[in-house]
Each structure stands twice: as C-alpha cells, then as structure tokens.
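Per-entry structural report
If you want the building blocks of each chain, they are given just below.
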Amino acid sequence: MSGASRRAKWLTIILFLLPSLIGLAVFSIGPIGYSFLIGLTDWNGLNAWDLAAGTPNFIGMDNYAEIMSGEEFWRVLRNTMYFIVLYIPLILIFSILAAVLLNNKYRGIGAYRVLFFIPVLTSWVAGALIWKWLLSDDYGPVNAILAFVGIDGPAWLQDPHWAMPGIVFASIWKDMGFFALILLGGLQGINPDYYEAAQMDGAGMWKRLFRITLPLLSPILFFVIIISVINSFQLFPQVMIMTQDAGPYGATQAMVERIYKYAFKYYKMGYAASFSWILFVIILFFTVIQMRLQKRWVHYDG
Amino acid sequence: MADRKLRQTLFYLTATLLALFCLVPFFWMISTSLKTKGALISIPIQWIPQTVSVESYRKIFTFFEFDRVLLNSAFVSVGITLITLTSALMAAYVFAKIAFRGREIVFGLFLATMMVPGQVTIIPIFIVLKELHLLDTFTGLMLPSIFNAFAVFMLRQYIKTIHDDYLDAAFIDGATQATVFVRIIVPLSVPIIATLGIITFMGAWNDYFWPLVVLSDKAKMTLPLALSSLNGQYGSEYNTLMAGSLISMAPIIALYFFAQRWFQSGLQLGGIK
C-alpha cells in the first residue's frame, strides 16, 4: 500500500471512530476512573478540587467500611432480597404461562400478544403512578376487589410489610410481556418432533411441560433469572414514585435509590460513588455466573 | 374431539385472565382521568365515572403545559436516537470492515465498558457536564449518547455479514470510504438500524434516571420527569396524574401499532444485552 493511501486509510479510521472514541473517553472510561477516585474521598460534590488544601480529603476505603458497617446497607440488601424472593417465582410463572399461551395457533393470538405487551411499552413512571393509585388503601380497586371477596386489604404502600409486595405486583405487570417474548423465542426453537414422540407415548400436557418444555428451555430460563436478579438490584422509578422517600421505615430503600439520594440530595458524592462500586461488584458477580454457566450449558438442542 | 374443545376453552380462559391483568390497570387509568376530583374519593369506588369530566385534560395542558413537555420529550428522544445511531454506525463500519492494527483491542475496550452499570459513571458524567456548563440543557442530556457500546456491537455484527464484493466493486469504481458508507453500508443495514432506533427511542422517551439528574428547569422537563414532579406536588390529584400518564404513553403505543415487529426484535436484542 502506498504512503498516500495508507494515510487516507488511517484518516478514515480516525474520523469514523472519533465520535465514539471521544464518548468512550469522556463518558465512559474517564468517568469510571474518576468515580473510583471520588469513592476514596469525602467530597460533597460542590467544592472545587484542591488537593494541596485537602479538598476533598482522601480517606481511603473509609466510605466502604462505613457503608458495610452501617445498618442501612443491610436493610437495603434485605429489602432487595425480599423483592427477589417474591418477584422471581411470580415472574417465572407468569411469563412462562404467557409464552406457552402465545406459542399456540388459536385465532386471536396476535391480539393477546399485543395486550400482554402494552405494559412493557409504558414508562416506569406512568406504570408506577397507575399502581400507586390501584393500591390506594381506601380508594383503590385492589382493596375493593379484596373487600368483595371478604378480605380486609392492607394499606399496601404505607405499610412496611406490604409496600414491597405492592412494588412486586407492579413489576410483574410491567415485565411479564418482555420475559414472555424472550421465552417465546426459546419455545419456538424446540423441535416439534419431541412433542409428537411424547404424544405417541401418551404423555399428557403436564408431563410434556415438565419433561420436555422446561428442560429444553433451561438455558433461557436461567438467563431470565439472572437478568431478573440484576434488575432487582437496580430498582429505581418504582420505589421513587410509588413510595415517596422509600417507604415506611425505609421498607423500600433500594441501592440505586440510595446512590441517587446520597449523590444529588444529601451531597455525599464520595459515599455515593463507593455505594455504586459495591453495586458494580454485586452485578459483576451475577454476570460472571451467567457467562460461566452459559458456556457449560450449550446444548441448545432442536 | 372433546379433549380439543377443552384445551381450546382452557386456552381462551387463561389468556383472557392474563390479558385482563395487563389491561385493568389501563382501564382504571382512563376511567380515573375522566373523573371529577370529588369522584376520586367516592366509596364504593366508581369503576366507570358517574359524570364524565375532561377537566383533568384541560388542566394538564393549560396549567401544567404538557404540550411543551410532549415537545421536549419528542425533541430529546429523536435527538438521542439520531446521535446514537450516527456515532455507532460510523464506529461499527470501521470495526466490521476496515482492518487495522489494534482494532480488536479497541473493540474489546468498547465491550468491556458494558460490564459497568450506568450508576457508577453517573456522578462523574454529572460533574463533567457541570464543568462544560451543560447541566440543565438538552445538549447535556443528549450528548452522552455519542458513546453506546451495545449499539456499536449490534451494528458491527450486522455489517460484518455484508459481502465485501459490494464494497470492492464500489472502490474499483473510485468510490471513497464516505460514499461506500452512505450509499452501501447504511442502506443495507436498514433492518438493524430500525430495530436499534426503535428501542433507543423508546428508552429515551421513557427514561427517568438520567433526565432527573441533568434537568431541573421546569420548562425543559421530559414526560417522566414532569409526571414525577406532578406526583410530588399534587400526589393525590389522581385524575390529573392519570391523564398525564395516558398522554405520556399514547405516542409510544401508537408507534407500536405501526412498527410492531421492530419493537419485538428490538426488545429481543435488548434481552441479549
């Protein structure tokens, strides 16, 4: 290649990559390093950095130690666990059911697909407002329906025990269509021969579900579970909108909500940055599990 | 025969129950948005408003100026989509079709950034925008989308499948890289551009966290932000809140009916992320 054309080639490369590279530096790699640095300080986010004058103070791992030894962090983890324990089984049941239903050829299937999907399209803010109103203690339809069957419904979002379940219901409603879509993709990949063979052997509906569908779907099911767990650690609009100030007695305090409030409401940038790194480690942990098992699990047969 | 009939009944029964679970909240939203303030706290609750009132819609457009909020959201979402696609397409072309030393390392770096959740970088990006005097501006809100590793990755995978023969023929005819990019790469990538464009647009339209951090001026608020501030100040005026929610989701749902298949492929892609 001649010198001129080589120069032209490099010019193309640089010009085409330039916007992304600037973005990578200014909005990704730079901030990642900067965030780690901030996490080592007691910076309030307002004072200009003047290291000679000790603004901000470098305090090493103190923020991390403070977070881990405080009661709040463990409460946040407990809240998240409470969410996960309720959310995962429910979302699996609902989205598998929806996917299995959509994997039929009955008339009107297209309409059902659209209906299941509409909550996925709406913003979480709008969805959270709707559910806040649905779950209203005295004037909400959920408690009205419960009263109709003779149950005295709780105060939901005002009650420390019921606030999180309320958020779980809203999340099931919001996410079902999305996971059903992912699972439907998996179902459509299963070779129909399996079902034919099973039918000839006289296997019933349930047997087919538990012996063929679910085992062959297991890699995707596992993927859905991991994504759900990661999302659970990132609850934000739900808790911000449905439970103002994260619920009664901090019952719905969540990681991202804490990070946001420490950074932009309480002006403890250093503390917030450390908190976000703890979140990173948790998410990384689940991502690595997902990648490891995905490799081992590649028997996408059929 | 009886078995088939039973299965069909069972199908319609469960599917309808699930559909009701999805729809009743929307029904309640619409019904509430048409109520007077007094009807909100009637016991027993009114599933259908006894007197239909469009007061809340009038209020949301005149008093809360949702016409401007809608425009803000439209402008920002279109802007973010265009910036993301343009920047990512350019980078993806290089990563897919132009070999150079160190390419895999740079590309690997792009991918590695996807491991870090947005919450880690949000504080420094906020500071960067503050230094650039871009806080509380649309530019500041949209600018970070010039880097989107996920979009670069998806576009690169697609562009890789375009045959080199097309490009070589064009180069022999004397086309420049820019011509090849605009005349061949972009037109042939339309399906993936549409798919990514739709999910980027929807993500921007519905986003809450990032506008919440960047914007504080009421005149610049996007829909989710305006709704949440309404919720803060008028948290019990549910007829207004529900009217606002309905208005915020109507454009996306309308778009969905026109571009259903791109939405579905887009969200399936998003799942891979």
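Keep in mind that this is a model prediction, so the values were computed, not measured.

Rules used throughout
- Residues numbered from 1 in each chain as written.
- Chains lettered and ligands numbered in written order.
- Predicted model: local features only at pLDDT ≥ 70, side-chain atom pairs only at ≥ 80, totals over all residues.
- Helix = DSSP H or I, 4+ residues; strand = E, 2+ residues; numbered from the N terminus.
- Rg over C-alpha atoms; globule rule 2.2 N^0.38 Å.
- Buried ≥ 20, exposed ≤ 12 C-beta atoms within 10 Å, placed from the backbone.
- Contact = placed C-beta atoms within 7 Å.
- Nonpolar A, V, L, I, M, F, W, Y, C, P; charged D, E, K, R; others polar.
- Expected span 1.5 Å × (residues − 1).
- Arc of directions from axis to C-beta.
- Core = buried A, V, L, I, M, F, W, Y, C linked by C-beta atoms within 7 Å.
- Axes fitted to C-alpha atoms, helices over the stretch in contact; angles between N-to-C directions.
- Parallel < 35°, antiparallel > 145°, perpendicular 65-115°, else oblique.
- Left-handed = near helix turned anticlockwise from the far one by under 90°.
- pLDDT = per-residue confidence, 0-100.

Looking at the overall build of chain B
The helix and strand tally for chain B stands at 14 helices and zero strands. Secondary structure of chain B in N-to-C order comes out as α-α-α-α-α-α-α-α-α-α-α-α-α-α. Taken over the C-alpha trace, chain B has a radius of gyration of 24 Å; the compact-globule value for 273 residues is 19 Å, which it surpasses by more than 25%. Considered along the principal axes of its C-alpha atoms, chain B spans approximately 75 × 70 × 35 Å. The buried share of chain B, reckoned over its 273 residues, is 44%. Sequence-distant contacts in chain B: of pairs separated by 6 or more residues, those separated by 24 or more amount to 73%.

Here's the deal with the overall build of chain A
Across its full length, chain A carries 12 helices and zero strands. A compact globule built from 302 residues would reach a C-alpha radius of gyration of about 19 Å, whereas chain A, at 25 Å, exceeds it by more than 25%. If one aligns the C-alpha atoms of chain A with their principal axes, the spans along those axes are about 80 × 75 × 30 Å. By residue count, 39% of the 302 residues in chain A fall in the buried class. Residue pairs at least 24 apart in sequence account for 69% of intrachain contacts in chain A once pairs closer than 6 positions are excluded.

Regarding unusual backbone geometry
Unusually for a residue other than glycine, Y267 of chain A sits at a positive phi of about 55 degrees. If you trace the backbone, Y267 of chain A turns up in the loop between helix 11 (255–264) and helix 12 (269–296). Its identity as a non-glycine residue notwithstanding, H133 of chain B has a phi of 55 degrees, on the positive side. Here H133 of chain B is to be found in the loop between helix 5 (118–131) and helix 6 (138–142). For H133 of chain B, a count of 10 C-beta atoms within 10 Å translates into the label exposed.

What to know about the interface of chain B and chain A
Across the boundary between the two partners, chain B contributes 67 residues, which contact 66 residues of chain A. It is helix 1 (residues 2–33) of chain B that contributes the most residues to the side of chain B that touches chain A, 14 residues altogether. Within the side of chain B that touches chain A, the residues separate by chemical class into 51 nonpolar, 16 polar and no charged.

Topic: helix 9 (residues 177–188) of chain B
In this model helix 9 of chain B runs 15 Å from its N-terminal to its C-terminal C-alpha over 12 residues, within 8% of the 16 Å that 1.5 Å per residue would give. Of the residues making up helix 9 of chain B, those classed as buried are Q177, V180, F181 and I185 of chain B. The buried side chains of helix 9 of chain B occupy one side of the element, clustering within an arc of 95 degrees when seen end-on. Exposed residues pointing more than 90 degrees away from the buried face of helix 9 of chain B are listed as V182 and P187 of chain B. Considering only its buried residues, helix 9 of chain B is in contact with helix 1 (3–39) of chain A together with helix 3 (66–97), helix 7 (149–160) and helix 8 (164–172) of chain B.

Digging into the nonpolar core
With 156 residues, the main nonpolar core has A180 and L183 of chain A together with A92, Y93 and V152 of chain B as its most contacted residues. Beyond its immediate chain neighbours, meaning those up to four positions away, A92 of chain B contacts V152, L155, R156 and I159 of chain B.

Thoughts on helix 12 of chain A
For helix 12 of chain A, built from 28 residues, the straight-helix expectation of 40 Å at 1.5 Å per residue is met to within 8% by its first-to-last C-alpha distance of 41 Å. Residues of helix 12 of chain A that are buried sit in contact with helix 1, helix 2 (62–69), helix 9 (205–232) and helix 11 of chain A together with helix 5 of chain B.

Describing the environment of Y57 of chain B
Residue position: Y57 of chain B is located in helix 2 (residues 55–62). Since 18 C-beta atoms lie within 10 Å of it, Y57 of chain B is described here as partly exposed.

Description of the environment of E72 of chain A
Residue and element names in this part refer to chain A. Position of E72 relative to the elements: it lies in helix 3 (residues 71–102). A count of 12 C-beta atoms within 10 Å places E72 in the exposed class. Along the chain, E72 and T287 lie 215 residues apart, while their C-alpha atoms are 25 Å from each other.

Quick notes on the packing of helix 9 of chain A against helix 12 of chain A
Residues and elements named next belong to chain A. Two elements in contact, helix 9 and helix 12, have axes whose closest approach is 10 Å; the angle formed by their N-to-C orientations is 175 degrees. Relative to helix 12, the element helix 9 lies roughly antiparallel. Between helix 9 and helix 12, the contacting residues are P219, F222, F223, I226, V229 and I230 on the first element and I283, F286, I289, Q290, L293 and Q294 on the second. A breakdown of the residues in the contact of helix 9 with helix 12 according to their chemical character gives 10 nonpolar, two polar and no charged.

Structural notes on the packing of helix 3 of chain A against helix 9 of chain A
Residue and element names in this part refer to chain A. Look at helix 3 against helix 9: their axes get within 10 Å of each other, and the N-to-C directions meet at 150 degrees. Relative to helix 9, the crossing made by helix 3 is right-handed. Of the residues in helix 9, those touching helix 3 at T80, F83, I84, Y87, I88 and I91 are I225, S228, V229 and S232.

Overview of the environment of W124 of chain A
Mapped onto the secondary structure, W124 of chain A falls in helix 5 (residues 124–134). Taking the number of C-beta atoms within 10 Å as the measure of exposure, W124 of chain A has 22 and is therefore buried. When the C-alpha positions of W124 of chain A and I225 of chain A are compared, they lie 20 Å apart, and in sequence the two are 101 residues distant. Other than its neighbours up to four places away in sequence, W124 of chain A contacts K174, P237 and Q238 of chain A together with N206 and Y208 of chain B.

Topic: the confidence of the model for chain B
Of the residues in chain B, 98% have a pLDDT of 70 or more, and the chain-wide mean is 92. The ipTM assigned to the predicted complex is 0.93, against a pTM of 0.93.

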